[in-house]
Amino acid sequence: MEQGKPFHPGFTLGERIEGLEKRGEADFVLTTNMGTIIEAKVVVIAGGLGCFEPRKPAVSGLEQFENGRGVNYMILDPEQYRGQKMVIAGGGDSALDWTIFLADVVDELTLVHRSESFRGAPDSVNKVMALAESGRINLVLNSNLNSVSGNGKLESVELIHNKSLETTSVAADHLIPLFGLSPKLGPIEQWNLNINKSAIEVNTDDYSTNIPGIYAIGDINTYTNKLKLILCGFHEAALMSHSAYQYMNPGVKYTMKYTTVNGVSEF
């Protein structure tokens, strides 16, 4: 962050690019899953192994409560849940850790797990059990999410108990399913890029893609003798940056500058 500060970068965090549209010869318009619109002259895809998408439970109607309507797959700002009712589903470290943390934040918290044993750290399991015994959280084991309901926003979560198959409805303002992540290309697959085995084909002269103005660097790209090493990623980024400068400034002569000699000036 300190190294990039002189260039005054902008950040959009906790959102995923869903749409990419090219307007004119050199203008891109990107849209995130939260409706944020970003305009750019150049797009650089540095997506690693891809977009790590949450493993979503097989719950009918879950999607209608996503994007700010009650269902989230990660927690960015715990304070937004203060004084509200929450259901967390999962049995790993993430589910346990957030249960412990949010027990002092939310008004009512229910942790749902499909088994009687957890996969997380023993110390975390003990803390969760203690919270349940003291009545600070509701712990529902041997159960799964069955359905969600609400009028425009999440209002309740129905649980189904594995042994009896009986259902229980829990009032909830928020549902956080924490079942891990899986790498996928996601929306990138729809951007008309040349894809080969879940990676983007690039020109090794400058790591440009088949669409002028779009580059791909790091593990997200593929080419002959590709090595997925951090060292290679930095090399690709350097060549990409010089090419992108020329793409945005055609005909402008670029003079290489070395910070080890000239230092970094404030821009």
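Residues numbered from 1 in each chain as written. Predicted model: local features only at pLDDT ≥ 70, side-chain atom pairs only at ≥ 80, totals over all residues. Heavy atoms only, no water.

**Regarding the overall build of the protein**
Heads up, the condition is: The helix and strand labels rest on DSSP assignments: H or I over at least four residues marks a helix, E over at least two residues marks a strand, and numbering proceeds from the N terminus. The rule is simple: take the accessible area with a 1.4 Å probe, protein chains only, and divide by the maximum for that residue type; under 20% is buried, over 50% is exposed, in between is partly exposed. In what follows, a contact means two residues having at least one pair of non-hydrogen atoms within 4.5 Å. Every accessible area reported is derived by Shrake-Rupley at a probe size of 1.4 Å, with residue values counting cover from the shown protein chains alone. Only four residue types enter the tally: Lys and Arg on the positive side, Asp and Glu on the negative side; His and the chain ends are excluded. Charge coordinates come from a single atom per side chain, which is NZ of Lys, CZ of Arg, CG of Asp or CD of Glu.
If you tally the helices and strands in the protein, you get four helices and 16 strands. With the principal axes as the frame, the protein shows a C-alpha extent of 70 × 40 × 35 Å. Buried positions account for 37% of the 267 residues belonging to the protein. Across the protein, contacts joining residues at least 24 apart in sequence account for 50% of those joining residues at least 6 apart. Carbon and sulfur atoms provide 51% of the accessible area of the protein, an area that totals close to 15,900 Å². Looking at the protein, you have 22 positive and 31 negative side-chain charges, and the mean spots of the two groups are 4 Å apart.

**Some words on the packing of helix 1 (residues 93–102) against helix 2 (residues 122–133)**
Basically, it comes down to this: Interaxial angles span 0 to 180 degrees and are taken between N-to-C directions of axes, which are lines fitted to C-alpha atoms, for helices over the stretch in contact. Any angle that falls under 35 degrees is termed roughly parallel, while one over 145 is termed roughly antiparallel, one within 65 to 115 roughly perpendicular, and all others oblique. Left-handed describes a crossing whose near helix is turned anticlockwise from the far helix by less than a right angle; the clockwise case is right-handed. Here the term charged refers only to Asp, Glu, Lys and Arg, the term nonpolar to Ala, Val, Leu, Ile, Met, Phe, Trp, Tyr, Cys and Pro, and the term polar to all other amino acids, Gly among them.
Close contact between helix 1 and helix 2 brings their axes to 9 Å; oriented N to C, the two are set at 45°. In terms of orientation, helix 1 and helix 2 fall into the oblique class. Viewed along their axes, helix 1 and helix 2 form a crossing whose handedness is left-handed. Facing Leu96, Asp97, Thr99 and Ile100 of helix 1, the residues of helix 2 in contact are Ser124, Val125, Lys127, Val128 and Leu131. Of the residues contributing to the contact of helix 1 with helix 2, the split by class is five nonpolar, two polar and two charged.

**Thoughts on the sheet that holds strand 8 (residues 138–140)**
Inclusion rule: Here a strand pair is declared whenever DSSP counts at least two bridges between the two strands.
Judged by pairing direction, the sheet is parallel, and its four strands sit side by side in the order 8-7-6-12 without closing on themselves. Among the strands making up the open sheet, the edge pair consists of strand 8 and strand 12 (174–177). Neighbour to neighbour, the strand axes of the sheet diverge by 15° on average, direction disregarded.

**Some words on the packing of aromatic side chains**
Going by this rule: Note on aromatic contacts: the rings of Phe and Tyr and the six-membered ring of Trp form a pair at centre separations within 6.5 Å, being stacked when their planes are under 30 degrees apart, edge-to-face when over 60 apart, and tilted otherwise.
Scanning the model with the defined rule gives three aromatic pairs in all. Aromatic pair Tyr207 and Tyr223: ring centres 5.6 Å apart, planes at 55°, arrangement tilted. Here Tyr223 lies in the loop between strand 16 (221–222) and helix 3 (230–248) and Tyr207 lies in the loop between strand 14 (200–201) and strand 15 (214–216), a separation of 16 residues in the sequence. Across this residue pair, the class does not change: Tyr207 and Tyr223 are buried. Ring plane angle 55° and centroid distance 5.0 Å describe the contact between Tyr245 and Tyr254, whose orientation is recorded as tilted.

**Some words on the pattern of salt bridges**
When the charged atoms of two side chains lie near each other, side chains of opposite charge can form a pair. Using the following cut-off: Salt bridges are defined as contacts in which a side-chain nitrogen from Lys or Arg sits within 4 Å of a carboxyl oxygen from Asp or Glu.
Applying the stated criterion to the full structure yields ten salt bridges. One salt bridge in this structure joins Glu116 and Lys163, with 3.7 Å as the shortest N-O distance. Of this pair, Glu116 sits in the loop between strand 7 (108–112) and helix 2 while Lys163 sits in the loop between strand 10 (154–161) and strand 11 (167–171), and the two are 47 residues apart along the sequence. Overall, the relative accessible area of 68% leaves Lys163 in the exposed class. The partner of Lys127 in a salt bridge is Asp123, with the nearest N and O atoms 3.3 Å apart. Here the residue Lys127 and the residue Asp123 both occupy positions in helix 2, the gap between them amounting to four residues, near one helical turn. Residue class for Lys127 comes out partly exposed when judged on its relative accessible area of 42%.

**Observations concerning the side chain of His161**
Here His161 lies in strand 10. Judged by relative accessible area, His161 falls into the buried class, the value being 19%. Filtering out sequence-adjacent residues up to four positions away, His161 remains in contact with Val140, Asn142, Ser143, Glu166, Thr167 and Thr168.

**Here we look at unusual backbone geometry**
One non-glycine residue, Asn192, lies in the positive phi region at around 65°. Residue placement: Asn192 occurs in the loop between strand 13 (181–184) and strand 14. Owing to a relative accessible area of 64%, Asn192 belongs among the exposed residues under this scheme. Positive phi values are uncommon outside glycine, yet Lys197 reaches one of about 55°. Within the secondary structure, Lys197 is located in the loop between strand 13 and strand 14.

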